[in-house]
Amino acid sequence: MKTMTDTASQREGASSRETKSPGRIATAIVRILLGLMFLVFGLNGFLNFMPAPKDMPQEIMNVMGALMQAGYMTVVSGAEVLIAVMLLTNRFVPLALALLAPIVVGIITFHVAMAPATIGPGIVVLVMELYLAWAYRAAFRPMLAAKTTLSARDK
């Protein structure tokens, strides 16, 4: 009986060390920070609590106005809030990262094409997205297979 208790306590010690590894802590921190960023900016799309910069070039204002009129920015803001909730609750994180990828590409593309001087935060978001994609790479592995077969149920 003593050996079963010793083995169980050894397993508990090993699992607590695994869950508190620096990599897991860093991944959780990046996931939460990214979630908070997109929660704030997604909610700002609905509530407008952060004023737009005053010195924006007219071309950018034209593009943003057209995107808002078309309803595109409302969809993006809604997606950002949904993604943030998934990241913050640690549920469906790979799905959240897959949904976030085109938004991050849009952010980077916008800054490269129209506002390169303010690309810094976009680069930070890109690095965080890539770090989390790497941390959750096992979830993406089946999606990245060059050739797949149907399951027996789908045949």
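Sequence positions are assigned chain by chain, starting from 1 and proceeding in written order. Reporting of local features is limited, given that this is a predicted model, to residues whose pLDDT is at least 70; pairs of side-chain atoms are given and counted only at 80 or more, and all residues count toward the totals for whole chains, interfaces and linings. Calculated side-chain values reflect all of the structure's heavy atoms, with hydrogen atoms and water omitted.

A. Quick look at the environment of Thr109. Along the polypeptide, Thr109 turns up in helix H5 (residues 93-114). Considered as a pair, Thr109 and Ile119 are ten residues apart in the sequence and their alpha carbons are 9.5 Å apart. Segments assigned H or I by DSSP are reported as helices when at least four residues long, segments assigned E as strands when at least two residues long, and all are numbered from the N terminus.

B. Examining the layout of surface pockets more closely. With a 1 Å grid laid over protein atoms only, a set of points is called a cavity when a 1.4 Å probe fits there but cannot get out and a pocket when it is open yet has protein on both sides within 12 Å along at least five of seven lines; lining residues have an atom within 4 Å of a point. Grid points are joined across faces, edges and corners, and a volume is the space filled by probe spheres set on the points. When its volume is computed, the largest pocket comes out at roughly 1600 Å³. Lining the largest pocket are 40 residues; nearest its centre among them are Phe41, Met64, Met73, Phe110 and His111. Looking at the lining of the largest pocket, the elements with two or more residues in it are helix H2 (22-47), helix H3 (58-69), helix H4 (72-89), H5 and helix H6 (120-135). If one sorts the elements of the lining of the largest pocket by residue count, H4 sits on top with nine residues. Taken together, the residues of the lining of the largest pocket sort by class into 29 nonpolar, nine polar and two charged. When residues are sorted by character, Ala, Val, Leu, Ile, Met, Phe, Trp, Tyr, Cys and Pro go into the nonpolar class, Asp, Glu, Lys and Arg into the charged class, and all the rest, Gly among them, into the polar class.

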